[in-house]
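# Fold and contact review
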Amino acid sequence: MPAITEIKQGPPHADEAHAIPVIHVVKGEVRNAADVLYQSGGRTYRLPELDLTELVWPRTAPPPAWNIPLAEILDFLVATGEALKADTAGHLAFARDRMIEAGSFETGIVRRSYEALHTLFERDRLLSMVEGEIGNPAVLDGWVPFANRIGEHGKIRAFPARLVHILAGNAPGVAAVSITRGALSKGVHLLKMPSNDLFTAPAILQTMASVDADHPVVRSFSAVYWRGGDRDVEGRIFRPTFFDKLVAWGGEAAIRGAREYIGPGLELVAFDPKTSIAMIGKEALQSAEAISETAERAATDSTPYNQAACVSARFHFVEAGDEDAVDSYCAQLQARLGMERRTASVLASPVTSELQDEIEVLRAFDGLYRVWGSYEGRGLVIRSDEPLDIYPDGKIVNVVRVESLEQAVRYAGFATQTVGIYPAERKTGLRDALAAAGVQRVVTLGGAESLATGMSHDGFFPLHRMVRWVNDED
């Protein structure tokens, strides 16, 4: 296959001398040549040339880690986590500084996110992932006896697969989780980096190589960038000849683009685009103290990565007949949207001019709508009696008054990932209806960002889908 020598996106950038370097990692080896210039978001990047032949693993040989015991892989991942925490080689610091330079996220969010990456490699967390997402860990190491109630017998194994991952860039943790799941599955993994995070995956893989450059897990990963949808790349390698599964994160365009390549022998594992909401019962508005606590919980759930994360609640359905209490909630919520948190900054990006125009129209109808906050990025709350036909983004929340939370269930659907409910006792009466509507996750308000390791993600168990289930039937 030919090399890909040029990537173009957007108009040429004048200051190519200050282009940000991007490292590729191919089967554990670093590629850091500056062969290609790439422009995106007002920044210029220098990337290595792609050699497509390097990005696939021949089917004539099993994946490098296919027969490595799970216990050994766990030891290696734990050692990688310790190396990430110490960062003696400086790979994570280099990536962090380039990430800040690129400006995809505010400096504090990048620093705090990178400081926490090592926690995703803790042994108990990894074991919880295996036990929760795949069940019996023994199926990863070999053939496990099978028997059913009608007397049939055999053996079954979770065999390593060949995967290409289209990563999302809305949180650095996406790269880390993809790498830990990939290592535990023992397969081979080509990571296609997103344009807004060209640094996290290579930094983790370089750190992994610093622990043991010859480890089979190291040789099982590559992380490179090409422009999403580039048929010169995707049309040649998104084939069952090379890969079993296409794991796609991201927006609707990314998922629809990935579907074009799906056919017999190449399966899609999709983390579809999702949005999240909050449902707040009348109990939350019965005292000033309750309103304050609820506003804090709701702001926490609405601001992960300045509302870029799927778990971020954009619409709050509030059960209330007391307008003054609802308005007090809105005012306190807006004040808390502007607070710095682990994955949120005081200021998000300013509200776009198009959205400002729409909100100004709402301000003119004071009897129907009320708006708290301005457009500089500290957070803005709009109260209405029906959900607005806008996509709240950049720390904007639409608070919708409803007669009952049960009536608000109609606003949830298959694209609703997380529903934060307050108080927690109201979850029991709502979760079945929400699940029937298509919702994937119900949490107590304030807990949206704390994804429980080993439970389902977007309605399925990812590690279970990242292997090939093979039978030996008697």
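Residues numbered from 1 in each chain as written. Predicted model: local features only at pLDDT ≥ 70, side-chain atom pairs only at ≥ 80, totals over all residues. Heavy atoms only, no water.

Per an unreviewed UniProt entry, the recorded name for the protein is Acyl-CoA reductase, and the organism is Novosphingobium pentaromativorans US6-1. Among the UniProt annotations of the protein, the heading Sequence similarities (unreviewed entry) holds the following wording: "Belongs to the LuxC family." Turning to the protein, the UniProt record has this under Catalytic activity (unreviewed entry): "a long-chain fatty aldehyde + NADP(+) + CoA = a long-chain fatty acyl-CoA + NADPH + H(+)". (UniProt positions renumbered as here; feature names shortened; annotations may be inferred.)

## Topic: the sheet that holds strand E8 (residues 144-147)
If you walk across this open sheet you meet the 3 strands as E8-E9-E22, and the pairing is antiparallel. Strands at the two margins of the open sheet, each flanked by one partner only, are E8 and strand E22 (467-473). Sheet twist, expressed as the mean angle between neighbouring strand axes with direction ignored, is 35°. Relative to strand E9 (residues 153-160), E8 runs antiparallel, the two being bridged by 4 bridges. What sits directly across from Val144, in E9, is Ile156. (Pairing = 2+ DSSP bridges. Helix = DSSP H or I, 4+ residues; strand = E, 2+ residues; numbered from the N terminus. Axes fitted to C-alpha atoms, helices over the stretch in contact; angles between N-to-C directions.)

## Quick word on a negative patch on the surface
Taken together, Glu152, Asp472, Glu473 and Asp474 make up a surface patch of like negative charges. Mapped onto the fold, Asp472 is located in strand E22. (Patch = residues over 30% accessible without salt bridge, like charges linked within 9 Å, V, L, I, M, F, W, Y side chains within 5 Å. Areas by Shrake-Rupley, 256 points an atom, 1.4 Å probe, with all protein chains shown as cover. Salt bridge = Lys/Arg side-chain N within 4 Å of Asp/Glu carboxyl O. Lys, Arg positive; Asp, Glu negative; His and termini not counted. Charge placed at Lys NZ, Arg CZ, Asp CG, Glu CD.)

## Remarks on a nonpolar patch on the surface
A contiguous nonpolar surface patch, about 290 Å² in accessible area, is contributed by Val361, Phe365 and Leu368. Following the sequence through the fold, Val361 ends up in helix H11 (residues 353-363).

## As for the sheet that holds strand E20 (residues 416-422)
What the 7 strands build is an open sheet, ordered E17-E18-E19-E16-E15-E20-E21; its pairing is mixed. At either margin of the open sheet sits one strand with a lone partner, and together these are strand E17 (370-372) and strand E21 (441-444). Across the sheet, the axes of successive neighbouring strands diverge by a mean angle of 20°, strand direction being ignored. Pairing geometry for E20 and E21, over 4 bridges, is parallel. When the sheet's bridge partners are listed, Thr418 is paired in E21 with Arg441. Against the sheet, helix H10 (residues 323-337) makes contact with strand E15 (275-280), strand E16 (313-319), E17, strand E18 (380-384) and strand E19 (396-402), and its axis sits at roughly 160° relative to E18, the strand it touches most. Packed onto the sheet, helix H13 (residues 427-437) meets E15, E20 and E21 and runs at close to 165° relative to E21. (Contact = heavy atoms within 4.5 Å.)

## Points about the packing of helix H2 (residues 91-102) against helix H3 (residues 107-116)
Relative orientation of the contacting elements H2 and H3 amounts to 160°, with a least axis distance of 9 Å. In this view, H2 runs roughly antiparallel relative to H3, as classed from their interaxial angle. Classified by chirality, the crossing of H3 by H2 is right-handed. Between H2 and H3, the residues in contact are Leu92, Ala95, Arg96, Met99 and Ile100 and Thr107, Val110, Arg111 and Tyr114, respectively. (Parallel < 35°, antiparallel > 145°, perpendicular 65-115°, else oblique. Left-handed = near helix turned anticlockwise from the far one by under 90°.)

## Notes on the domain arrangement of the protein
Annotation of the protein at the domain level lists domain 1 (16-273) and domain 2 (275-444). Taking only C-alpha atoms into account, the centre of domain 1 sits 34 Å from that of domain 2. For the domain 1 and domain 2 pair, buried surface summed over both sides reaches about 840 Å², with 56% attributable to carbon and sulfur atoms. When the area that domain 1 buries against domain 2 is broken down by residue, the three leading residues are Ile109, Arg112 and Asn170, summing to 55%. (Domains from an automatic or database assignment. Buried area = accessible area lost by both parts, 1.4 Å probe.)

## Looking at the nonpolar core
One finds Tyr45, Leu184 and Phe199 to be the most contacted residues of the largest nonpolar core, which totals 75 residues. For this core, the leading source of residues is helix H5 (residues 173-185), giving 7 residues. Apart from residues no more than four positions distant in its own chain, Leu184 is found in contact with Leu70, Ile73, Leu74, Leu77, Leu126, Met129, Val130, Leu140 and Leu463. Counting residues in each nonpolar core, the second largest holds 25 residues, with Leu50, Leu55, Val164 and Val233 among its members. (Core = buried A, V, L, I, M, F, W, Y, C linked by side-chain atoms within 4.5 Å. Buried < 20%, exposed > 50% of the residue type's maximum accessible area, 1.4 Å probe, protein only.)

## Side note on the environment of Gly265
Its place among the elements puts Gly265 in the loop between helix H8 (252-259) and strand E14 (267-271). Residues Gly265 and Phe242 lie 23 residues apart in sequence; the distance between their C-alpha atoms is 9.9 Å. Once residues within four sequence positions are removed from consideration, Gly265 is found in contact with Pro240, Phe243 and Asp244.

## Concerning the pattern of salt bridges
Pairing is possible between side chains that carry opposite charge, provided their charged atoms lie close to one another. For the coordinates displayed, the defined rule picks out 29 salt bridges. Of the charged contacts in the structure, one is a salt bridge between Lys245 and Glu267, with a shortest N-O distance of 2.6 Å. Residue Lys245 is located in strand E13 (residues 245-249), and its partner Glu267 is located in strand E14; the two are separated by 22 residues in the primary sequence. A residue is classified by how much of its surface remains accessible, and Glu267, at 30% relative accessible area, is partly exposed. Among the ionic pairs, Asp385 bridges to Arg401, the shortest N-O distance being 2.9 Å. Here Asp385, found in the loop between E18 and E19, pairs with Arg401, found in strand E19; they are 16 residues apart in sequence, far enough to count as distant. Asp385 gets classed as partly exposed once you look at its relative accessible area, which sits at 38%. Look at the salt bridges and you will find they share partners, linking Glu323, Asp327, Arg370, Arg383, Asp385 and Arg401 into a network.

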